[in-house]
Amino acid sequence: MSLLKKIKVLVVDDSAMVRKMICDALAKDPHIEVVGTAPDPYVAREKILELNPDVMTLDIEMPRMDGITFLKILQQHRPVPTIIISSLTHAGSSAALAALEAGAVDVLAKPTSAYSIGNLGEQLAMRIKAAAVARRLPAAASAPAQTPVTAARSGGYHPRQLIVIGSSTGGTEALKEILTHLPAGLPPIAITQHIPAHFSRAFAERMNEISELEVREAVNGDELRSGLVLIAPGDFHMTVQWAGQGFRVALNQNPPVHHCRPAVDVLFRSASLCSGARILAGILTGMGSDGALGMQMLKKVGARTFTQDEATCVVYGMPRAAAELGVADQVLPLPKIAPAIIEAANAMAAARDNQSGASQLAATHQTP
């Protein structure tokens, strides 16, 4: 959608105060027009037919019909790109995950005061612009993970091998597709997904339930080890560093990068400074350019890189930026990313074995 034409937004929430706060925040963006509001899904249904909005913001807990049920009905009969705005308590975060699985494009924390909606306004506007250009992809099967495409390497991996991945709009479902098709025992994985505070923990817990890998929300000082996936907490940048015997993560609340915290560039740049690291880096679906410059730095120090292709991205922004910089070794459809990660990890480990074997052979031929 061209931003020369205003994006028409319908705001659906049972709280009149929250509806006003969202409308006031979006009124500051010249590219967005709130064309209507609704206190529940029944009113929203009529407003959708009348106003034909480009994007809808949707609460989950509402009278007469909950937001997830409404979203599922819309997906069948009249899909509208939808951003969930929910109270992201632990229960609320689980419901938001269900909404993403039901077809929502993104999720943000519900404001609790004029101050919080002021902070959220810019983020919400960005997410609405991403949702307006989002591609509707076929719903993924909700079955548990199947047998991994390829088994992990029996000989183990180099201790300095590391996998780093960045994603944004549509990324939670893309990560779900990837993580449920990776075997236990891979080199450690660090992930930055643009995600709200509190929601990151529920997302990590859900991925841990359905993946063979151990998946956790990162804690400052965590060690990255084989078979472990750490996800950056919402509202915290995550960096990695080599700590003598392995990689460790550090968290900070430095200013947002590309209007995002966590930011992919922060993770990637830190990884590029890990001398001797053997890194595989990937950028998945998302709006904007976060991660591209960080991937460029990784590429300069010898990392292997990949991006998700346009056809399988919900929003082809971040991968496009990396591709335009010429820093992606491979451009892959989503179903082929997990096998490619396994293949690249195994190839890096095999290269280590070959170098070790060559060194041993050279030593045996040295003159006493």
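Each remark here, short or long, concerns the structure printed above.
Residues numbered from 1 in each chain as written. Predicted model: local features only at pLDDT ≥ 70, side-chain atom pairs only at ≥ 80, totals over all residues. Heavy atoms only, no water.

### Digging into the side chain of lysine 110
Working step 1: Of note, lysine 110 is situated in the loop between strand S5 (106-109) and helix H5 (114-132).
Working step 2: Among the polar contacts listed, one links the side chain of lysine 110 to the side chain of aspartate 59, at a separation of 2.9 Å.
Working step 3: Contact partners of lysine 110, with chain neighbours within four places excluded, come to Asp13, Asp14, Val18, Asp59, Ile85, Ser86 and Ser87. (Helix = DSSP H or I, 4+ residues; strand = E, 2+ residues; numbered from the N terminus. Polar contact = N/O pair within 3.5 Å; in protein donor to acceptor, adjacent residues only side chain to side chain. Contact = heavy atoms within 4.5 Å.)

### Focus: the packing of aromatic side chains
Working step 1: Per the counting criterion, the structure on display carries one aromatic pair.
Working step 2: Between the aromatic rings of tryptophan 242 and phenylalanine 247, the centroid separation amounts to 4.9 Å while the plane-to-plane angle is 80°, which identifies the pairing as edge-to-face.
Working step 3: Positioned over the ring face of tryptophan 242 is arginine 160, at 4.1 Å from the centre of the ring. (Phe/Tyr/Trp six-rings, centres within 6.5 Å; stacked < 30°, edge-to-face > 60°. Lys NZ or Arg CZ within 6 Å of the ring centre and 35° of its normal.)

### What about empty space enclosed by the protein?
Working step 1: On inspection of all chains with the given rule, the structure shows one cavity of 30 Å³ or more.
Working step 2: Forming the walls of the largest cavity are Leu97, Leu100, Glu101, Thr172, Glu173, Lys176, Phe203 and Met207.
Working step 3: When contributions to the lining of the largest cavity are tallied by element, the ones reaching two or more residues are helix H4 (90-101), helix H6 (171-179) and helix H7 (199-210).
Working step 4: Within the lining of the largest cavity, the residues separate by chemical class into four nonpolar, one polar and three charged. (1 Å grid on protein atoms, 1.4 Å probe; cavity = no way out; pocket = protein on both sides within 12 Å on 5 of 7 lines; lining within 4 Å. Points joined across faces, edges and corners; volume = space filled by probe spheres on them. Nonpolar A, V, L, I, M, F, W, Y, C, P; charged D, E, K, R; others polar.)

### Topic: the packing of H6 against H7
Working step 1: It is the contact of H6 with H7, at a shortest axis distance of 10 Å, that shows an interaxial angle of 25°. Between H6 and H7, the crossing angle belongs to the class labelled roughly parallel. Considering only the axes of H6 and H7, their crossing is right-handed. Here Thr172, Leu175, Lys176 and Leu179 of H6 come into contact with H7, specifically with Phe199, Phe203, Met207 and Ile210.
Working step 2: Class assignment of the residues belonging to the contact of H6 with H7 gives a composition of six nonpolar, one polar and one charged. (Axes fitted to C-alpha atoms, helices over the stretch in contact; angles between N-to-C directions. Parallel < 35°, antiparallel > 145°, perpendicular 65-115°, else oblique. Left-handed = near helix turned anticlockwise from the far one by under 90°.)

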